[in-house]
Amino acid sequence: MSNGQHITILAIESSCDDTSAAVSRNGIILSNIIAGQEIHARYGGVVPELASRAHQQHILPVVTAALSEAKVSKSELSAVAFTRGPGLIGSLLVGTSFSKGMSLGLGIPLIEVNHMQAHIIANFAVREDGQLNPPEFPFLCLTVSGGHTQLVVVRSFLDMEIIGETQDDAAGEAFDKVAKMIGLPYPGGPLIDKWASQGNPAAYRFPKPHAPELNFSFSGLKTAVLYFLQKERIKSPDFPGERLADLCASVQSTIVDILLDKLTLAADRTGIRRIALAGGVSANSGLRNGLHRIAVEKGWDVFIPAMEYCTDNAGMIAIIGHHKYLAGEFAPLDTVPLARYPF
Ligand code: KG4
Ligand code: ZN
């Protein structure tokens, strides 16, 4: 099974619109190959059927490239780890079926990984030559992606508790939907971020929808921006036009405030001062700057994964895979992917 003393994991991620494969050895990432899918941009969002087909085309070349870059042969693999969920079921099926084939063909164990837990554990992702100062347990993580917004107490690699989450749209979804209304292409989050850097965040005021306790709500913001755009476009039909940067900065600062208000409440309530970010939206510069500002005030230690490990990638799947291998947590061959997959 494992080669000598080494634990070598092949990891596969296919939950949404990125096909990714990674190889880790003893918890260190040797390769992390990601193939995106440009086809969705023209539809303004991910089209599930097209995503599954693209995964099917990408998966073999991506796995081959990950093994080759890691200089690892299939016979050296200790186990195959894959994303079981949450995600688009057709997309998940491609990675799951491929992983089962590898496991059966090579006679090595199969390991199932929760995509949202993996995003958090991306804070431990390190390359052979990389420096890393990962958080000690327990820490608090704000996971912000295109499909999820969660506050999680992380007690160990395999023990995590969600203490708050969105009741409607995810933070990334809020960025992307507002971007679409403004006329920016999908995914709009990074573009709002780019325009926001040149704008005035106080130019326009949007309401912060109320959500109880440590939960989030973003759908009211989306509606508020929609009505605001309709009103402005009666006065000037090409709005936002020259005010694009101001509008992006104002929307971004509202989303960031909603996130940081609840993160602060969670830190105060739990007394945890080690704070991590995870997920695609942790690339957002407004969120990063805002978090660093509060951290100085509150005396928090802040952890943010390297950019390559913020968005969907198999490297993060490999790390959880490694720890599940150590714990002997293997999946049966009749396991099925789950569109919803609680911790
Ligand atoms: O974690 P991720 O790659 O995929 C999911 O699992 O959803 O997150 C993708 C999301 C998209 O909504 C994208 O617009 C958003 O992350 N995103 C950003 C930025 N970079 C990616 N949102 C705001 N600012 C960014 N710089
Ligand atoms: Zn993700």
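Bear in mind that the values here come from a model prediction, so they are computed numbers and not experimental data. (Residues numbered from 1 in each chain as written. Chains lettered and ligands numbered in written order. Predicted model: local features only at pLDDT ≥ 70, side-chain atom pairs only at ≥ 80, totals over all residues. Heavy atoms only, no water.)

### A word on the overall build of the protein chain
Which entries qualify depends on this criterion: The way it works is that DSSP assigns letters per residue, a run of H or I at least four long becomes a helix, a run of E at least two long becomes a strand, and they are numbered from the N terminus. For the radius of gyration, the atom set is restricted to C-alpha positions; the globular benchmark scales as 2.2 Å times the number of residues to the power 0.38. Three labels apply to residues, based on accessible area from a 1.4 Å probe with only protein chains included: buried if under 20% of the type maximum, exposed if over 50%, partly exposed otherwise in between. Contacts: residue pairs with any heavy atoms within 4.5 Å of one another. Under the convention used here, a 1.4 Å probe and the Shrake-Rupley method define accessible areas, while residue burial counts only the protein chains that appear. For the purpose of charge, His is not counted, nor are the chain termini; Lys and Arg are scored as positive and Asp and Glu as negative. To locate a charge, take NZ of a lysine, CZ of an arginine, CG of an aspartate or CD of a glutamate.
Regarding its fold elements, the protein chain presents nine helices and 10 strands. Relative to the globule expectation of 20 Å for 343 residues, the C-alpha radius of gyration of the protein chain, 20 Å, shows essentially globular dimensions. In terms of principal-axis extent, the alpha carbons of the protein chain reach across some 70 × 45 × 35 Å. Burial status across the protein chain gives 54% buried among its 343 residues. Look at the contacts in the protein chain between residues 6 or more apart in sequence, and 74% of them connect residues 24 or more apart. With an accessible surface of roughly 14,800 Å², the protein chain has 53% of that area assigned to carbon and sulfur atoms. In the protein chain, 28 positive and 33 negative side-chain charges are present, and the distance between their average locations comes to 3 Å.

### So, the sheet that holds strand β5 (residues 110–114)
Working definition: the strands of a sheet are paired by backbone hydrogen bonds and lie parallel or antiparallel to each other. Basically, it comes down to this: One bridge is not enough; two strands pair if DSSP finds at least two bridges between them. Only the stretch in contact is used when a helix axis is fitted, and all axes are lines through C-alpha atoms; the angle between N-to-C directions ranges over 0 to 180 degrees.
Pairing is mixed in the open sheet, where five strands are placed in the order β3-β2-β1-β4-β5. A single partner strand is all that each edge strand has here, and the edge strands are β3 (28–35) and β5. The sheet shows a mean angle of 20° between the axes of neighbouring strands, direction not considered. Packed onto the sheet, helix α2 (residues 89–106) meets β1 (8–13), β4 (79–85) and β5 and runs at close to 160° relative to β4. Contacts from helix α9 (residues 315–327) reach β1, β2 (19–25), β3, β4 and β5, with the element oriented near 135° to β1.

### Focus on the packing of aromatic side chains
Going by this rule: Two rings from Phe, Tyr or Trp (for Trp, the six-membered ring) form a pair when their centres sit within 6.5 Å of each other. Planes less than 30 degrees apart are called stacked, planes more than 60 degrees apart edge-to-face, and all others tilted.
A complete count under the given rule lists 11 aromatic pairs for this structure. Seen from their ring centres, Phe137 and Phe157 are 5.2 Å apart, and the 75° between their planes marks the pair as edge-to-face. Taken as a pair, Phe137 in the loop between α3 (115–121) and β6 (139–144) and Phe157 in the loop between β7 (149–156) and β8 (159–165) lie far apart in primary sequence, 20 residues in all. A relative accessible area of 28% means that Phe137 is categorised as partly exposed. By relative accessible area, which is 17% here, Phe157 ends up buried. Aromatic pair Tyr204 and Phe239: ring centres 6.0 Å apart, planes at 80°, arrangement edge-to-face. Of this pair, Tyr204 sits in the loop between α5 (189–196) and α6 (219–235) while Phe239 sits in the loop between α6 and α7 (244–270); the two residues are 35 residues apart in sequence, bridging distant segments of the chain. Each member of the pair, Tyr204 together with Phe239, is buried.

### Thoughts on the coordination of the zinc ion (ligand 2)
As a reminder of what qualifies: Listed donor atoms are N, O and S within 2.8 Å of the metal (Na, K and Ca: 3.2 Å). As water is not included, a site may look incomplete. For a four-donor site, all angles between 85 and 135 degrees give tetrahedral; for four or six donors, opposite pairs above 155 degrees with the remaining angles between 65 and 115 give square planar or octahedral; all remaining cases count as irregular.
Of the protein atoms, only His115 (NE2), His119 (NE2) and Asp312 (OD) coordinate the zinc ion (ligand 2), at distances of 2.0 to 2.1 Å. Around the zinc ion (ligand 2), the four donor atoms sit at angles spanning 92 to 143°, and that spread fits a shape best called irregular. One chain supplies every donor for the zinc ion (ligand 2), spaced along it as H-x3-H-x192-D. With His119 in helix α3 and Asp312 in the loop between β10 (301–303) and α9, this pair connects stretches of sequence that are 193 residues apart. Overall, the relative accessible area of 1% leaves His119 in the buried class. With a relative accessible area of 13%, Asp312 lands in the buried category.

### Describing the pairing of β5
Rule in force here: Throughout, right-handed denotes a crossover for which the path from the first strand over the helix to the second runs clockwise when the strands point away from the viewer.
Most of β5 is tucked away: five of the five residues are buried. Neither face of β5 is open: one carries Leu110, Glu112 and Asn114, the other Ile111 and Val113, and all of them are buried. Where β4 meets β5, five bridges bridge the pair, whose relative direction is parallel. Among the inter-strand pairings, Phe82 is bridged to a residue of β5, identified as Glu112. Read from β4 through α2 to β5, the crossover connection turns out right-handed.

### Points about the packing of helix α4 (residues 171–182) against α6
What counts, and what does not: When an angle is under 35 degrees it counts as roughly parallel; over 145 it counts as roughly antiparallel; between 65 and 115 it counts as roughly perpendicular; any other value is oblique. Definitions for this section: a left-handed crossing has its near helix turned counterclockwise from the far helix by less than a right angle. A right-handed crossing has that turn clockwise. Gly counts as polar in this scheme, as do all residues outside two lists: the nonpolar Ala, Val, Leu, Ile, Met, Phe, Trp, Tyr, Cys and Pro, and the charged Asp, Glu, Lys and Arg.
One way to put it is that α4 packs onto α6 with a least axis distance of 10 Å and a crossing angle of 15°. Relative to α6, α4 is oriented roughly parallel. In this structure, α4 crosses over α6, and the sense of that crossing is right-handed. Contacts between α4 and α6 involve Lys177, Val178, Met181 and Ile182 from the first element and Lys222, Val225, Leu226, Leu229 and Arg233 from the second. When the residues that make up the contact of α4 with α6 are grouped by side-chain class, the tally is six nonpolar, no polar and three charged.

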